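Listed here are the chains, written in short residue letters.
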There are 2 protein chains.
Amino acid sequence: MTVEFKHQTTVTLAEVAEAAGVGESTVSRVLRNHGSFSDKTRERVMAAVERLGYVPNRIAGTLASNGSRLVAFVVPSLSNIVFPDVLRGASTILEENRYQAVFSVSDYDPHKEEALTAAMLAWRPAAVMVAGYEHTDGTIKRLRASGCRIVELLDVDGDALDMAVGFSNRAAGRQSAAFLLKRGYRRIGYVGHDLNRDTRAGKRFSGFCEALAAGDATLADREILAGASSVENGRLGLEQLLARSADLDAVYFSNDDMALGGYFHCLARGISIPSQLAIFGYNGLDIGRVTPQPLSTIRTPRVETGKVAAQLVVNNSPSQVVDLGFELIEGATA
Amino acid sequence: MTVEFKHQTTVTLAEVAEAAGVGESTVSRVLRNHGSFSDKTRERVMAAVERLGYVPNRIAGTLASNGSRLVAFVVPSLSNIVFPDVLRGASTILEENRYQAVFSVSDYDPHKEEALTAAMLAWRPAAVMVAGYEHTDGTIKRLRASGCRIVELLDVDGDALDMAVGFSNRAAGRQSAAFLLKRGYRRIGYVGHDLNRDTRAGKRFSGFCEALAAGDATLADREILAGASSVENGRLGLEQLLARSADLDAVYFSNDDMALGGYFHCLARGISIPSQLAIFGYNGLDIGRVTPQPLSTIRTPRVETGKVAAQLVVNNSPSQVVDLGFELIEGATA
DNA sequence: CTGAAAGCGCTAACAG
DNA sequence: CTGTTAGCGCTTTCAG
């Protein structure tokens, strides 16, 4: 099939106006259902729109009205289900309100985040959604200067630039440690991924250590893997950790992907869970509920975070921090 | 913290021009690095840009130049990692080329896809990316009329509207059946999710049955679950299937999420794999490589699909279909 | 209830 | 190499 792809002449509002025998502003009013016009006018306009196959140009509309309905997301990763969940939640709300979601991926790199944020701002979005509170000065400066709404997602441990929606990672870490201590575990290890980049995982880890200390315990050993979290790294990490510290009775993982890897390692090696080794994760992924033993973890409201964040933007709400909390899932692996 | 959020006065290109003591078009040329200008002019412009904190307005630029760098994605789902993988692949290429990705989620609903596509078109994107070939007449009509590039993703079994990037789902289904037959399985069942909505899964299934027939075999039984694919549905589906047909020696799943559920069911029930029951999936998710027994499946190039699709758009390539193929992973579950 | 006219901020000829 | 001048397609006063 060969098709011509030079920009084909598109129908404009002016042509609709002419075809309907009314003024341009009338067409505009009818289409946006704003201002007043007679039923008869309305019908004539809609007929012309239909007949000509008119598609309004939102680029032009945005420029003229100086108010965009684009919402920009700069997410650190799309490699696990966490941010897709947030996007999915947000998109349901945005779509209902004729907003459009725009995104880019920073790979957990703060400088890339700055560059992408700057690029996003050129589209004059109504709001920019970013992950967490840790940003370069440049990102913060640009965001502030832009005058658009800012929502920081999935964290509430810090000072919001404008709005924030999420939960406390530090508290999640603390609660995880408290749970393990209550269960009687004492030789506790940690398997995590790059904490400098994923600062929320870092906060969970420090909350975890904090609560251990409060319970007169300390972390027995830890294994930090370079790079992103993954099931594979979790499995590898646990293997390496146990090679050094065979006597651990529980391991806290930086998230469920990592924890599943650890779980698989135990299954493969015949390490019985939780009697020989307990496993605890973070996120509450669906898959963790269906493993032979449900994963002990903390469930986070990711889809809800997206929804609430989007709703705040749509409503043009005042600056605020919304703590959605989380839920500890006892599971069967700890 | 209280901040004012009324639209703050933004710096415009005209102000930069004035501050730099040059004409507007000169600033425009320098900023886009297009056309000619002296080094001295360039420096003065950049200094003014820096001093005023100028952020170009791409909305205005797009309107003036009649050529947008928005790329629209209408994806059926963000609930598993498949489409996030595609988006991630595409976004790397798009970001390198100053394009912006825009998305919405159709929930595998063709009518929602039509509505979302129509809404997208109002932003005058350079291209629209949709999943597969099955669309309503309305979607096709609008897409065609828009004159923008169209890329159909993750399938090559059909006639492309313009461009398509993916692989043959039908061939994947056939190859899966051939593999199971070659391995000697004969009492083969199927566990799948809603095939009317996920037409690519439907094509795999029909390819699978086709190859069974070619090998003088037939499907022994099937269990189709309503709703989306999930690990939970996979586990449930296998349980129900085995309740009816305990004598199956292999089960083909609609994708890896479903297959993992089946795998977990077997682990939980002490059904030994693959001697008692073989399991075969589709997608080649990373997690399937790390389970105690690696999952037998077909690996699809999802990230690559996104990259190639984006590159075709960036290059404004002629209409074409790119078949990226797939790879059968023998694994250890079949 | 409706139309005319003035932009929104930028790019793209077109002269110089 | 650079400035001037028209728009891009729409929204928004402001009169009628």
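Treat the numbers as computed from the prediction; the structure is a model and nothing was measured. (Residues numbered from 1 in each chain as written. Chains lettered and ligands numbered in written order. Predicted model: local features only at pLDDT ≥ 70, side-chain atom pairs only at ≥ 80, totals over all residues. Heavy atoms only, no water.)

Thoughts on the sheet that holds strand β2 (residues 100-105) of chain A
For step 1, the next point in the chain: The sheet built from 12 strands is open, its strands ordered β11(A)-β5(A)-β4(A)-β3(A)-β1(A)-β2(A)-β2(B)-β1(B)-β3(B)-β4(B)-β5(B)-β11(B) with mixed pairing. Lying at the two open borders of the sheet, with one neighbouring strand each, are β11 (321-323) of chain A together with β11 (321-323) of chain B. Put simply, the sheet's adjacent strands are angled 20° from each other on average, direction ignored.
For step 2, the next point in the chain: Looking at chain direction, strand β1 (residues 70-75) of chain B and strand β3 (residues 127-131) of chain B are connected through 4 bridges and run parallel. Each residue of the ladder has a partner; that of B:V74, found in β3(B), is B:V130. (Pairing = 2+ DSSP bridges. Helix = DSSP H or I, 4+ residues; strand = E, 2+ residues; numbered from the N terminus. Axes fitted to C-alpha atoms, helices over the stretch in contact; angles between N-to-C directions.)

Let's talk about the environment of B:V165
All names here are of chain B.
For step 1, the next point in the chain: Note that V165 resides in strand β5 (residues 163-166).
For step 2, the next point in the chain: Sequence-wise, V165 and I298 are 133 residues apart; in three dimensions their C-alpha atoms are separated by 17 Å.
For step 3, the next point in the chain: For V165, the contacting residues outside a window of four places in its chain are V151, E152, L153, L154, D155, T305, V308, A309, L312, V322 and L324. (Contact = heavy atoms within 4.5 Å.)

Side note on the nonpolar core
For step 1, the next point in the chain: One finds A:F73, A:L180, A:I188, B:F73, B:L94 and B:I188 to be the most contacted residues of the largest nonpolar core, which totals 108 residues.
For step 2, the next point in the chain: Residues A:L248, A:F264, A:I279 and B:L277 belong to the second largest nonpolar core, which totals 48 residues. (Core = buried A, V, L, I, M, F, W, Y, C linked by side-chain atoms within 4.5 Å. Buried < 20%, exposed > 50% of the residue type's maximum accessible area, 1.4 Å probe, protein only.)

Describing the environment of A:S68
All names here are of chain A.
For step 1, the next point in the chain: Looking at where S68 falls in the secondary structure, it is placed in the loop between α4 (58-65) and β1 (70-75).
For step 2, the next point in the chain: According to the relative accessible area criterion, S68 is buried, its value standing at 10%.
For step 3, the next point in the chain: Taking the C-alpha atoms as reference points, S68 and Y99, 31 residues apart in sequence, are found 8.5 Å from one another.
For step 4, the next point in the chain: Here S68 is in contact with T62, W123, R124, P125 and A126, once residues within four sequence places are set aside.
For step 5, the next point in the chain: Looking at S68, its side chain comes within polar contact range of the main-chain nitrogen of L70, at 3.0 Å. (Polar contact = N/O pair within 3.5 Å; in protein donor to acceptor, adjacent residues only side chain to side chain.)

A short note on the interface of chain A and chain B
For step 1, the next point in the chain: Between chain A and chain B, the contact holds 62 residues from the first and 61 residues from the second.
For step 2, the next point in the chain: Taking both partners together, chain A and chain B bury about 5800 Å²; carbon and sulfur atoms supply 65% of that area.
For step 3, the next point in the chain: Joining chain A to chain B, the criterion identifies 2 salt bridges.
For step 4, the next point in the chain: In this structure, B:R289 engages A:E232 in a salt bridge whose closest nitrogen and oxygen atoms are separated by 3.9 Å.
For step 5, the next point in the chain: Along the contact surface separating chain A from chain B lie 16 residue pairs in polar contact (both at pLDDT 80 or more).
For step 6, the next point in the chain: Looking at the side of chain A that touches chain B residue by residue, the class counts come to 34 nonpolar, 16 polar and 12 charged.
For step 7, the next point in the chain: Pairing analysis gives 3 bridges linking β2(A) to strand β2 (residues 100-105) of chain B, with the strands arranged antiparallel. (Buried area = accessible area lost by both parts, 1.4 Å probe. Salt bridge = Lys/Arg side-chain N within 4 Å of Asp/Glu carboxyl O. Nonpolar A, V, L, I, M, F, W, Y, C, P; charged D, E, K, R; others polar.)

Quick word on the pairing of β1(A)
Residues and elements named next belong to chain A.
For step 1, the next point in the chain: Among the 6 residues of β1, 6 are classified as buried, and the element is accordingly described as predominantly covered.
For step 2, the next point in the chain: Side-chain alternation along β1 places L70, A72 and V74 on one buried face and V71, F73 and V75 on a second face that is also buried.
For step 3, the next point in the chain: Where β1 meets β2, 6 bridges bridge the pair, whose relative direction is parallel. The residue bridging V74 from the neighbouring strand is S104, located in β2.

Description of the protein's contact with DNA strand C
For step 1, the next point in the chain: Every one of the 26 residues lining DNA strand C counts as a neighbour, but A:R29, A:T41, B:L13, B:S28 and B:Y54 are closest to it.
For step 2, the next point in the chain: Of all DNA strand C atoms lying within 4 Å of any protein atom, the proportion belonging to sugar or phosphate reaches 65%.
For step 3, the next point in the chain: Contact between DNA strand C and A:S25: a base nitrogen at 2.9 Å from a side-chain N or O atom of the residue. (Near = heavy atom within 4 Å.)

Side note on the side chain of B:T117
All names here are of chain B.
For step 1, the next point in the chain: Of note, T117 is situated in helix α6 (residues 110-121).
For step 2, the next point in the chain: Residue classification places T117 among the buried residues on the basis of a relative accessible area of 0%.
For step 3, the next point in the chain: Those residues in contact with T117, other than ones at most four positions away along the chain, are V74, T139 and L143.

Considering the relation of the copies chain A and chain B
For step 1, the next point in the chain: Superposition record for chain A on chain B: RMSD 0.1 Å, screw rotation 180°, translation along axis 0.1 Å. Here the copies are linked by what is in effect a two-fold axis. By C-alpha distance to the rotation axis, the residue of chain A lying nearest is A:V102, at 2.1 Å.
For step 2, the next point in the chain: Mapped onto chain B, 98% of the interface residues of chain A again fall at the interface, so both copies present the same surface. (Least-squares fit on C-alpha atoms with pLDDT ≥ 70 in both.)

Some words on the pattern of salt bridges
For step 1, the next point in the chain: The tally for this structure, following the rule as stated, stands at 33 salt bridges over all chains.
For step 2, the next point in the chain: Taking the shortest distance from any N to any O, the salt bridge between A:D286 and A:R289 comes out at 3.5 Å.
For step 3, the next point in the chain: Taking the shortest distance from any N to any O, the salt bridge between B:R170 and B:E210 comes out at 3.8 Å. Of the two residues, B:R170 is situated in helix α8 (residues 169-182) and B:E210 in helix α9 (residues 199-214); the sequence distance between them amounts to 40 residues.
For step 4, the next point in the chain: By relative accessible area, which is 27% here, B:R170 ends up partly exposed.
For step 5, the next point in the chain: Here B:E210 falls in the partly exposed class, since its relative accessible area comes to 38%.

Everything listed here is a matter of geometry and, on its own, says nothing about what the molecule does.
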